[in-house]
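Geometric and topological summary
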Amino acid sequence: MPAPKKKISANRRQALAALARESDRQLDDLIRRRLAMPLEQRMHFLRRRLPGGGSSL
């Protein structure tokens, strides 16, 4: 026999919904900040070092 599901109180449901909205807002903010950066700063992880110095994409 499966265990009965616990009811989530209204306050907890509201808190979880608020937390989800805040998380989405922060993700949108992070994306906006990253897109506002110059391309060189956003894509630095693609750079590969070349022998003898220098780098390339």
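Reading the values: the criteria
- Residues numbered from 1 in each chain as written.
- Predicted model: local features only at pLDDT ≥ 70, side-chain atom pairs only at ≥ 80, totals over all residues.
- Heavy atoms only, no water.
- Helix = DSSP H or I, 4+ residues; strand = E, 2+ residues; numbered from the N terminus.
- Areas by Shrake-Rupley, 256 points an atom, 1.4 Å probe, with all protein chains shown as cover.
- Salt bridge = Lys/Arg side-chain N within 4 Å of Asp/Glu carboxyl O.
- Buried < 20%, exposed > 50% of the residue type's maximum accessible area, 1.4 Å probe, protein only.
- pLDDT = per-residue confidence, 0-100.

Describing the overall build of the chain
Per the secondary structure count, the chain includes two helices and two strands. Beginning at the N terminus, the succession of helices and strands in the chain can be written as α-α-β-β. Of the accessible surface of the chain, which amounts to about 5,900 Å², a share of 58% is contributed by carbon and sulfur atoms.

Some words on the pattern of salt bridges
Considering all chains together, one arrives at two salt bridges under this definition. For the salt bridge of R25 with E22, the shortest nitrogen-to-oxygen distance reads 2.7 Å. Of the two residues, R25 and E22 are both situated in helix α1 (residues 10-36); the distance of three residues between them amounts to about one turn of the helix. Of the residues examined, R25 reaches a relative accessible area of 46% and is grouped as partly exposed.

Describing the confidence of the model for the chain
The pLDDT averaged across the chain works out to 85; a share of 86% of its residues lies at or above 70. Per-element confidence in the chain ranges from a low mean pLDDT of 66 for strand β2 (residues 55-56) to a high of 95 for α1.

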